[in-house]
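A structural walkthrough
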Amino acid sequence: MEEFRVFAQNLNEPFRTIALLCVCLGLRISEALALKWSDVDWLNSKLRVERGIVAQQVDDVKSEESRKQLTIAGELLTALRAWKQAAQFSGTYDWMFASPVQLGALPWPYDQVWRVYQKAAEAAGIGDIGTHSLRHTYRSWLDSVGTPVGVQQKLMRHTDVRTTMRYGDAFTSDMAEAHGKVVDLALNGTGNSTEKM
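Residues numbered from 1 in each chain as written. Predicted model: local features only at pLDDT ≥ 70, side-chain atom pairs only at ≥ 80, totals over all residues. Heavy atoms only, no water.

Turning next to helix 5 (residues 110-124). With 15 residues, helix 5 extends 21 Å between its outermost C-alpha atoms, agreeing within 8% with the 21 Å of an ideal straight helix rising 1.5 Å per residue. Among all positions in helix 5, only V113, V116, Y117, Q118, A120, A121 and A124 are buried. Buried residues along helix 5 sit in contact with helix 1 (2-9), helix 2 (15-25), helix 3 (29-33) and helix 6 (133-144). G125, located one to two residues past helix 5, shows a positive phi value of around 75°. (Helix = DSSP H or I, 4+ residues; strand = E, 2+ residues; numbered from the N terminus. Expected span 1.5 Å × (residues − 1). Buried < 20%, exposed > 50% of the residue type's maximum accessible area, 1.4 Å probe, protein only. Contact = heavy atoms within 4.5 Å.)

This is the structure:
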C-alpha cells in the first residue's frame, strides 16, 4: 500500500488518475486508455467498460465478461471528477485520457504511459513496474480485505475463476463493499471503508 502511494505521488495527471482507475477497478491499461467521458454515469456512480485500445487501434474488450458496468466508490468518483475539471478535453465524447500531442483525437499511447510509470517507480524506489502490475495489485488488495474468490472473479471480470486464482456467484453488495475497501486502500491506506453503494 505504501509503495503504491509513493508511486502515485510521483505521477502527474493524467497518469495518476489512470493508475487509480487500474488499481481501484482492476482495469487493464487497454481498457483505461479507451475510456470516454460518456462512459461515466455520474449520478449512479457507474463506469461502463466497452472498448479497449492497443497500438492506438480501438477495438472490442478482451472478452464478453470484460464488458461490464462497474460501481465507482465516492472518493474515486471525486478523483475522476477532479481530473475531468482539469482535463483539456472534457467533452462528453472526448477520450478521458486524450493526448494533447494528438489534439485529443486519440488517448495517450501505451508506451508513453509505461515510460511515465517507470520513472515514477524509480523515483519511488520500487524498481520496475508494468502497467499490468496495478491489476495484480488490485487482486492482492481484494484478497487482503477478505473478498471471497467468487466476488474477486466478478470484480476482475474474468470468465473463469482459475484465471482469477492465477493472478460461486457474488452479490452486488459484496462487490460494492470490496471495491470501496480497495479505493480506501489506494487513497487513504486504511482499507476500512464501510461505504455501501
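Tracing the backbone shows A98 in the loop between helix 4 (74-86) and helix 5. Taking the C-alpha atoms as reference points, A98 and W108, separated by ten residues in sequence, lie 5.9 Å from one another.

Another aspect to go through is the sheet that holds strand 1 (residues 40-41). Read across the sheet, three strands follow the order 1-2-5 without closing on themselves; strand pairing throughout is antiparallel. Among the strands making up the open sheet, the edge pair consists of strand 1 and strand 5 (68-71). (Pairing = 2+ DSSP bridges.)

Time to look at unusual backbone geometry. Note the cis peptide between E13 and P14, where omega equals 5°. By the element assignment, P14 lies in the loop between helix 1 and helix 2. With a phi angle near 60°, Q56 is a residue other than glycine that sits in the positive phi range. Mapped onto the secondary structure, Q56 falls in the loop between strand 3 (52-54) and strand 4 (57-59). A relative accessible area of 22% means that Q56 is categorised as partly exposed. Backbone geometry at L103 places phi at a positive 55°, although glycine is not the residue there.

This part is about the pattern of salt bridges. Summed over all chains, the structure comprises seven salt bridges. Here R28 ties to E31 by a salt bridge, and the two come within 2.7 Å at their closest N and O atoms. The exposure class of E31 is buried, given its relative accessible area of 2%. Close ionic contact of R48 with E50 constitutes a salt bridge, the shortest N to O distance being 3.2 Å. R48 gets classed as partly exposed once you look at its relative accessible area, which sits at 26%. (Salt bridge = Lys/Arg side-chain N within 4 Å of Asp/Glu carboxyl O.)

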